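So the chains spell out like this:
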Amino acid sequence: MPAIPLPLTTAPAPPPVLSERRKTRRLHVGEVGIGSDFPISVQSMTTTPTADVNATLQQIAELTAAGCDIVRVACPSADDAEALPAIAKKSQIPVIADIHFQPKYVFAAIEAGCAAVRVNPGNIRKFDDQVKEIAQAAKDHGTPIRIGVNAGSLDKRLMDKHGKATPEALAESAMWEASLFAEHDFHDVKISVKHNDPVVMVRAYEILAAQCDYPLHLGVTEAGPAFQGTIKSAVAFGALLRQGIGDTIRVSLSAPPVEEVKVGIQILQSLNLRPRKLEIVSCPSCGRAQVDVYTLAEQVTAALEGMEIPLRVAVMGCVVNGPGEAREADLGVASGNGKGQIFVKGEVVKTVPEHAIVETLIEEAMRIAGDTASE
Ligand code: SF4
């Protein structure tokens, strides 16, 4: 009897990325793996007084809902240190304690069960003398350490040597501190070298990436208000991620931290480093537009934000590129003559008056989401 050919089942190919990740060591911040074996994670930092446990946990819950993977909390006082055990225990995502100035809080954070501790050696008095004890405590509790070098608080010795916070100075400072931990056989280290200038920051990470295999936490520090900070972070992270550099990211904005998470996720999704969810393909509008594209795109985005399935939605202002883009998307509208042609998976499913475009797109999106969930 002739063999019956088995149906070929092939997994869908992963979406293309611009480059392979730089190979790194691996470590775990709580349950989140960090390094080239794991997806790039998104971090943010709370803005509440850490000592206010309820407010901090509330903000952490909002960040968790927005998709944040890891949260950092500041620990500037004894009251904040005392709050760490409750926050670390009740947070749904791993908590990193951020320590400046007071080495005793490094030990407190480790004892409190924080998933990691960020130290800024330039801001901790006699840090180098305490590395042995810190390494031992961290090792005993399985707590990774982030060495967070920052241009605004660079070690005085390196400031004197380099004259200012150059990329070389930032990288040298981080490598020096990492070597002190390595001397004590402690390697659960990740590193950041932040600067507010994306050019300096990118160069510093490139130098660092060439010199070590520690996972790297990317950040443009003090990047500015939302508009400027988003652009600076996207440009700098893009330049590094293009080279496979970067294992966890934090976008710093002078804006509510949930916005940082949204930007971070969007950067990763744009580069196929995280599965895309809602993607709005909307035209910039022009003299041919026959509908208010800006309002339409904003309304559709607001209504569909938070969709958990991959969904590309085209919102197009006229028939020049409209039908083509709408047909390529999962869902789309091409507008004209006071009407909108609604496309689902490449087919026109209906034509509706302009005032009904948004509600129709939402209905169809919900239908697609329901179909996807039942597949
Ligand atoms: S789709 Fe039409 S309205 Fe939108 S930018 Fe293109 S030509 Fe202009």
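Computed from a predicted structure; not experimentally measured. (Residues numbered from 1 in each chain as written. Predicted model: local features only at pLDDT ≥ 70, side-chain atom pairs only at ≥ 80, totals over all residues. Heavy atoms only, no water.)

Student: Can you lay out helix α6 (residues 167-183) for me, pointing to particular residues and giving the numbers?
Tutor: Taking 1.5 Å of rise per residue, the 17 residues of α6 would be expected to cover 24 Å, and the 24 Å separating its terminal C-alpha atoms lies within 8% of that figure. Every buried residue of α6 is listed here: P167, A169, L170, A171, S173, A174, E177, A178, L180 and F181. Remark: D185 follows α6 within two positions and exhibits a positive phi of approximately 60°. (Helix = DSSP H or I, 4+ residues; strand = E, 2+ residues; numbered from the N terminus. Expected span 1.5 Å × (residues − 1). Buried < 20%, exposed > 50% of the residue type's maximum accessible area, 1.4 Å probe, protein only.)

Student: Run through helix α1 (residues 53-66), naming residues and quoting values.
Tutor: Between the first and last C-alpha of α1 there are 20 Å, a value that for 14 residues agrees with the 20 Å anticipated at 1.5 Å per step. Of all the residues in α1, the buried ones are V53, T56, L57, Q59, I60 and L63. Within α1, the buried residues cover an arc of 160° as seen down the axis, which keeps them to one side. The outward face of α1, more than 90 degrees from its buried face, is lined by the exposed residues N54 and A65. Looking at the buried side of α1, the elements it contacts are β3 (41-45), β4 (70-74), α2 (78-90), β5 (95-101) and α9 (257-270). Following α1 by one or two positions, G67 has its phi on the positive side, about 105°. (Arc of directions from axis to C-beta. Contact = heavy atoms within 4.5 Å.)

Student: I'd like a description of the sheet that holds strand β15 (residues 347-353), backed by residues and values.
Tutor: If you walk across this open sheet you meet the 5 strands as β11-β12-β13-β14-β15, and the pairing is mixed. A single partner strand is all that each edge strand has here, and the edge strands are β11 (278-282) and β15. The sheet shows a mean angle of 20° between the axes of neighbouring strands, direction not considered. In terms of strand pairing, β11 meets strand β12 (residues 311-316) through 5 bridges, oriented parallel. Its bridge partner being in β12, E279 is matched across the sheet by R312. Contacts from helix α10 (residues 293-304) reach β11, β12 and β13 (331-336) within the one sheet, and its direction differs from that of β12 by about 160°. (Pairing = 2+ DSSP bridges. Axes fitted to C-alpha atoms, helices over the stretch in contact; angles between N-to-C directions.)

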